[in-house]
Structure formats: C-alpha cells, structure tokens
Amino acid sequence: FDLAVVQFDDDGRPGLGQVDAAVARVREVRQAPASQLAGALVVVFIHGWHHGGEWHRTASIPDDQPDGDDHFHGFRRILQSLTYREMERPSSASGLPTGRRVIGIYLTWNGDPQSGFLVAVARMPRGSEASFWDRYGIAERIGAAHDLRETLRRIVITVKHESGPESPLVLIGHSMGALMMQSAYATLLEQGALVPPPADAPTGPTRVISNGTPVLFPDLVLSLNSAADSDYARRIL
C-alpha cells in the first residue's frame, strides 16, 4: 500500500507540498493502465486528542507491535489488511487485474501541546487532561480553516472526478479529528464547493444529493466517538 502524511500546524496550515504529493499519487494510480491496476481504494484518517504522527519503525520491531503513535500504527495495520483483501479478489474473465491499490492518507495535527505551560503540566499525574480545552480550540480552528477544507475537497475531486476507474473513498475521523472533519464538510456543502459528478463518471456505491443536485462525496464518512456537538451533524444532513 501507499501512505501519505499531511501534518497540520496549530494555525491550520499543512506541511509544504504534502497535499500535492498525496493527490499526485492517487492520480497516478487511478490513471495507470487497466493492465496494471484496477483503480485505487483510498482511506483518509484524522486522529484526535493525545495522538499524532510519531513513527519509529525499525527492522527489529515486530509488525504487530506499536512503533510510535498507536493510532498511526493501527491505521497502517488497517491498510495492510485491506491490501491483503485486494490481493484475494478473484481474477476477471478478461485476465485484467481486479485488485485495487490501497492508498492511506493520514491527516495529523498536534493532539497534545508542543510548547508552553501545558507541556510541563502534561508530565504531572493526570496532567494531560488539562490540555482538553486548549486542544479542542485548536481542533475547531483547524476544522474551520480553509486549508483543511481544500485538502478534503482536492482528495474527493482526485478520487471521484478525474479520469480513471471507479475508486472507493473512505473518510474517518476520531474524537477531535471527527470534529474537524464534520466542520469542514458542513462548510463545503453549505458553500456548494463540492462539484457535481461528470456525465461519464462510473457509478459508485453511494449517491449524495445537495440542494437537489448530485455532488461528489466520499462513499463512507465515519465519525468515531466524535467530539463535535450535534449541530455539525444537522448541518451536514
């Protein structure tokens, strides 16, 4: 599988060139000849409070052992499982590949403070809980920022609108990551920023209607233990 990481700072800005690299790989896979690949299966994950993008994989660490942030490790294990499943897909009658290339996009941010007074407090017993409202405010800021909305919009366009075989797109947010995800998508829908599918677009498993018009949208949007209040869900619906 392929793995792309996009790191957002506390102001909501992504790492330089990281979004471009992620969508470029999706585009490359989807536009590969049918004799090589049958499209892509794209999974996007936004983590929550107390998590991040720490990764210390070495050859001496068994594959099933954590090697940094445990949610990042778990995400890569899911990608691995999906890859095995794609390899098990039966061959087509024409002999063309039926397995899709799995692409994971890990959207990460500072789930814990990286500087200031709260860093010292976090080292105290149960001190990490003191960062909740600080990080909640940062999650709201990132979710409301243009850059996260544009990142999600570009991923949807690349997977669902550009030329290539029908490719599933799954978006998962956990805790404060789900808050960011719901905030960004509510605004995208309200602004009419999600474009209609092209006339020749292959039929996917889902169809989303916004104000009476079909729009491109992930096939699955999953909020796990969301930190968002119900107003975000009402706005999306």
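Predicted model, so just to flag it, every value in this text is computed and none were measured.

Undergrad: Please clarify how the nonpolar core should be interpreted in this entry.
TA: Counting 43 residues, the largest nonpolar core has Val 42, Val 44, Ile 105, Leu 107, Trp 109, Leu 148 and Tyr 185 as the members making the most contacts within it. Mapped by element, the contributors of at least two residues to this core are β1 (2-7), α1 (18-30), β2 (40-46), β3 (101-108), α4 (132-144), α5 (146-160), β4 (169-174) and α6 (176-191). Looking at this core element by element, the count peaks at eight residues for α6. Core analysis: the next-biggest nonpolar cluster, separate from the first, contains ten residues, Phe 45, Val 102, Val 170 and Ile 172 among them.

Undergrad: It is not clear to me how the packing of aromatic side chains should be interpreted in this structure. Could you clarify?
TA: In this description, an aromatic ring pair is defined by two values, namely the gap between the centres and the angle between the planes. Going through the model one piece at a time under the given rule, you end up with ten aromatic pairs. Look at Trp 55 and Phe 72: their rings are 5.3 Å apart centre to centre, the planes differ by 70°, and that puts the pair in the edge-to-face class. Here the residue Trp 55 occupies a position in the loop between β2 and α2 (70-87), and Phe 72 occupies one in helix α2, the gap between them amounting to 17 residues. Residues Phe 132 and Trp 133 carry aromatic rings whose centres are separated by 4.9 Å and whose planes lie at 90° to one another, so their mutual orientation is edge-to-face. With relative accessibility at 25%, the residue Phe 132 sits in the partly exposed group. Three or more aromatic residues joined by ring pairs make a cluster, and in this case those are Phe 45, Trp 55, Phe 72, Phe 75 and Tyr 106. A cation over an aromatic ring shows up here: Arg 76 above the ring of Phe 72, its NZ or CZ 4.8 Å from the ring centre.

Parameters at a glance
- Residues numbered from 1 in each chain as written.
- Predicted model: local features only at pLDDT ≥ 70, side-chain atom pairs only at ≥ 80, totals over all residues.
- Heavy atoms only, no water.
- Core = buried A, V, L, I, M, F, W, Y, C linked by side-chain atoms within 4.5 Å.
- Buried < 20%, exposed > 50% of the residue type's maximum accessible area, 1.4 Å probe, protein only.
- Helix = DSSP H or I, 4+ residues; strand = E, 2+ residues; numbered from the N terminus.
- Phe/Tyr/Trp six-rings, centres within 6.5 Å; stacked < 30°, edge-to-face > 60°.
- Lys NZ or Arg CZ within 6 Å of the ring centre and 35° of its normal.

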